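Here are the chains, one letter per residue:
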Amino acid sequence: MHYASSNFRNPYCVFVLNSAQDVADALYLFKENITKFAVRGGGHMPIGGSNSINAPGVMLSMSNQDMLALSDDKSVVSVGPGHRWADVYEYLEPHCLVVVGSRIGLSFNSSQYGFASDNVVKYEVTNGIIIEATTDNSCSDLFWALKSGGNSLCIVTGFDLSTFTSPQVWVGTAQCSSNQSATFLDAVSNFAYYGALNAKAAITPIISFIPSQNKASYLLTKFYDSETDLPEAWQNFSSPNMSPSNDTYKLQPLSTFINVTTSPVTGSLRRKWRVISSIADREALEIIHATMLDLARKRLMFVNGGTAGLAFQLVTKEFIRQGELKGGDPQGIDISRVLYFWTVLQLAWANKGYDDQTMDAFTDEFAATVNDQLASASRGAQYLFMDDAGEGQRVFESYGAENLEKLKATREKYDPLKV
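Keep in mind that this is a model prediction, so the values were computed, not measured.

Colleague: Even after reading the chapter, I still don't get the overall build of the protein chain, so can you show me in this structure?
Modeller: Along its length, the protein chain carries 10 helices and 18 strands. Here the C-alpha radius of gyration of the protein chain, 21 Å, is about what a compact globule of 419 residues would show, namely 22 Å. Taking the principal axes of its C-alpha atoms as reference, the protein chain extends roughly 65 × 55 × 40 Å. Residues classed as buried in the protein chain amount to 52% of the 419 residues present. Expressed as a percentage of contacts within the protein chain between residues at least 6 apart in sequence, the contacts between residues at least 24 apart total 73%. When the 33 positive and 43 negative side-chain charges of the protein chain are each reduced to one mean point, those points stand 5 Å apart.

The structure is reproduced here in structure tokens:
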């Protein structure tokens with residue numbers, strides 16, 4: 001299944017691999033025959049060629065690598081790369097455990113524990129031979145580099161992840177109408193400054209816009225990692241300040257919420273992303289929000305099936321500090337300027353051809369306009385979050401010159417032929 005029809009490629013063949021040794025053998029074969037290949041795990045990145053390839057290239061599918069095993073003391077779960085996060089949450093639910101996995105890009109638990117990659121205790125990888133990398137073994141340099149994301153060093157064939165006790169959480173979504181947009185943005189900004197001081201609390205604000213209908217909607221996912229709610233964290237998102245038309249916030253296992261809210265993606269639409277990095281305040285929110293709506297009304301009114309959306313990811317100081325404590329931060333995120341929003345522009349449309357060109361031009365204009373305005377207001381930030389990046393965004397360069405050179409040196413050590 002393809003996340004987006006614009007991702008579709010026609011590989012010469014597909015290798016469905018069952019073990020790390022299978023991957024190692026495939027890499028040896030490709031190297032000997034100078035065969036280009038692509039790797040597919042979940043296949044969620046909507047960049048052409050990111051997870052498939054045209055003939056004569058070969059696609060490596062990780063879907064059969066579905067190991068799930070909990071350590072005897074239940075502190076670590078071993079996960080194969082063929083899984084979706086929902087599989088892992090469901091597996092851990094009977095043990096009242098969770099891991100720091102994804103929801104819309106980042107984890108609900110990131111303000112407590114950092115990135116998902118900050119909570120990997122061991123990588124099993126192959127670059128033709130099978131290697132284990134941890135913070136304190138002979139491959140600690142590789143462990144550090146793998147936290148940067150991407151696959152230009154080796155192929156990961158297994159993750160050992162730290163687990164955390166979390167039997168049930170308060171979580172749910174609230175839907176608001178467009179006439180509450182200013183209040184919605186006010187509440188998001190207020191939460192960034194005050195609500196997020198409690199690391200157990202998290203929000204995911206999402207704005208969706210259908211240009212052909214001139215219709216905007218505002219969706220907020222609220223999360224609190226406790227069996228006892230914290231109502232004061234949400235007071236700005238509820239009456240009398242706001243009046244959501246629907247609110248599903250309740251106490252439940254995280255896996256239940258994920259399974260209910262995650263629906264299958266048919267892949268029938270074409271898709272495009274672009275990430276924007278900014279300081280987290282009301283002015284930055286307004287710049288990003290207003291620019292998206294204004295340009296979408298001007299440029300996307302006649303795009304068949306066209307939608308534009310924004311998802312704001314709030315990043316706190318403790319989020320970044322966790323990465324520094326757990327094996328270092330190869331991404332070079334400047335903790336002195338926290339709080340951040342990492343905002344993803346998400347576009348979807350039906351037809352290729354002219355509409356592709358329209359969406360490409362819209363994405364470039366949106367990013368240029370927003371980044372110029374953020375810079376003028378001293379609200380811009382350097383780091384680009386890879387999971388939400390679009391084609392052509394120079395993610396690794398945003399990690400800083402020193403980290404970039406160290407990453408290149410690590411690649412030279414583990415993959416000198418750039419397989």
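Colleague: Mind showing me how you'd approach the sheet that holds strand E1 (residues 13-16) here?
Modeller: Spatially, E1-E3-E2 is the arrangement adopted by the three strands of the open sheet, whose pairing is parallel. One side of each edge strand has no neighbouring strand; the edge strands of this open sheet are E1 and strand E2 (37-40). If you compare each strand with its neighbour and ignore which way they point, the axes differ by 25° on average. Here four bridges tie E2 to strand E3 (residues 58-61), and the two strands are oriented parallel to one another. Residue Phe37 lies in a different strand from E3, and its bridge partner there is Val58.

Colleague: What should I look at first to understand helix H8 (residues 317-325) in this one?
Modeller: One turn of the α-helix equals 3.6 residues, which is why residues spaced by three or four share an orientation. All buried positions along H8 are accounted for by Phe319, Ile320, Gln322 and Gly323. Down the axis of H8, the buried set is contained in an arc of 150°. They therefore lie on one face. Next to the buried residues of H8 lie helix H3 (110-113), strand E17 (307-315) and strand E18 (340-349). A positive phi of about 90° marks Gly327, the residue just after H8.

Colleague: Is there a simple way to explain the pairing of strand E11 (residues 169-177) in this structure?
Modeller: For a regular strand, side chains alternate in direction, first toward one face of the sheet and then toward the other. As paired strands, E11 and strand E15 (residues 250-252) are joined by three bridges and run antiparallel to one another. Residue pairing across strands places Val171 opposite Lys250, the latter belonging to E15. Here eight bridges tie E11 to strand E13 (residues 215-224), and the two strands are oriented antiparallel to one another. Its bridge partner lying in E13, Val171 is registered against Phe223. Bridge count between E11 and strand E14 (residues 246-247): two bridges; the pairing is antiparallel.

Colleague: Would you mind showing me how to read the nonpolar core here?
Modeller: It is characteristic of soluble globular proteins that their nonpolar side chains tend to be buried jointly. Judged by nonpolar contacts, the single largest core of 107 residues is most densely connected at Leu142, Phe184, Trp234, Phe237, Met292, Trp342 and Phe366. The element best represented in this core is helix H7 (residues 282-299), accounting for eight residues. When sequence neighbours within four positions are dropped, the list of residues in contact with Leu142 reads Val125, Ile131, Ala133, Leu153, Cys154, Thr410 and Tyr414. Within the second largest apolar cluster, 10 residues are counted, among which are Val23, Leu27, Met62 and Ile155.

Colleague: What exactly am I supposed to notice about the packing of aromatic side chains here?
Modeller: The relation between two aromatic rings is expressed through the spacing of the ring centres and the mutual angle of the planes. Scanning the entire structure with this criterion turns up 24 aromatic pairs. Each ring, one from Phe191 and one from Trp234, has its centre 5.6 Å from the other, and the planes form 10°; the classification is stacked. Pair noted here: Phe191 is in helix H5 (residues 181-193) and Trp234 is in the loop between E13 and E14, with a separation of 43 residues, a long-range link. Neither Phe191 nor Trp234 differs from the other in exposure class; each is buried.

Colleague: What is the right way to read the environment of Leu339 from this model?
Modeller: Here Leu339 lies in the loop between H8 and E18. Here the alpha-carbon distance between Leu339 and Lys317, two residues 22 residues apart in the chain, equals 6.7 Å. Here Leu339 is in contact with Ala192, Tyr193, Ser278, Ile279, Ala280, Leu314, Val315 and Thr316, once residues within four sequence places are set aside.

Colleague: It is not clear to me how helix H10 (residues 401-414) should be interpreted in this structure. Could you clarify?
Modeller: Spanning 14 residues, H10 covers 20 Å between terminal C-alpha atoms, matching the ideal 20 Å at 1.5 Å per step. Those residues of H10 lying buried are Asn403, Leu404, Leu407, Thr410 and Tyr414. Along the axis of H10, the buried residues cluster in a sector spanning 125°; they form a single face. Exposed and facing more than 90 degrees away from the buried side of H10 are Ala401, Glu402 and Lys413.

Colleague: What's the story with the side chain of Thr126 in this structure? I'm lost.
Modeller: With respect to the helices, strands and loops of the structure, Thr126 is situated in strand E7 (residues 120-126). The exposure class assigned to Thr126 is buried, which follows from its relative accessible area of 0%. A polar contact of 3.1 Å, which involves the side chain of Thr126, links it to the backbone nitrogen of Gly128. At 3.1 Å, the side chain of Thr126 forms a polar contact with the backbone oxygen of Ile129. Once residues lying within four places of it in the same chain are set aside, the contact partners of Thr126 are Ala20, Val23, Ala24, Leu27, Cys154, Ile155 and Thr157.

Colleague: Any chance you could explain the state of the cysteines here in plain terms?
Modeller: Here a disulfide denotes a covalent bond joining the sulfur atom of one cysteine to the sulfur atom of another. Inspection of every chain in the model, using the stated rule, returns zero disulfides. With no disulfide of its own, Cys154 lies closest to Cys139 among cysteine sulfurs, the gap being 9.5 Å.

Colleague: Quick question: what am I supposed to make of the sheet that holds strand E5 (residues 76-79) here?
Modeller: Each strand in a sheet pairs with its neighbour through backbone hydrogen bonds, running either in the same direction (parallel) or in the opposite one (antiparallel). What the five strands build is an open sheet, ordered E4-E5-E9-E7-E8; its pairing is antiparallel. Because the sheet does not close on itself, it has two edges, and the strands there are strand E4 (68-70) and strand E8 (130-133). Mean inter-strand twist for the sheet, computed between neighbouring axes without regard to direction, equals 15°. Examined bridge by bridge, E7 and E8 share four bridges and lie antiparallel to one another.

Conventions adopted
Residues numbered from 1 in each chain as written. Predicted model: local features only at pLDDT ≥ 70, side-chain atom pairs only at ≥ 80, totals over all residues. Heavy atoms only, no water. Helix = DSSP H or I, 4+ residues; strand = E, 2+ residues; numbered from the N terminus. Rg over C-alpha atoms; globule rule 2.2 N^0.38 Å. Buried < 20%, exposed > 50% of the residue type's maximum accessible area, 1.4 Å probe, protein only. Contact = heavy atoms within 4.5 Å. Lys, Arg positive; Asp, Glu negative; His and termini not counted. Charge placed at Lys NZ, Arg CZ, Asp CG, Glu CD. Pairing = 2+ DSSP bridges. Axes fitted to C-alpha atoms, helices over the stretch in contact; angles between N-to-C directions. Arc of directions from axis to C-beta. Core = buried A, V, L, I, M, F, W, Y, C linked by side-chain atoms within 4.5 Å. Phe/Tyr/Trp six-rings, centres within 6.5 Å; stacked < 30°, edge-to-face > 60°. Expected span 1.5 Å × (residues − 1). Polar contact = N/O pair within 3.5 Å; in protein donor to acceptor, adjacent residues only side chain to side chain. Disulfide = S-S within 2.5 Å.

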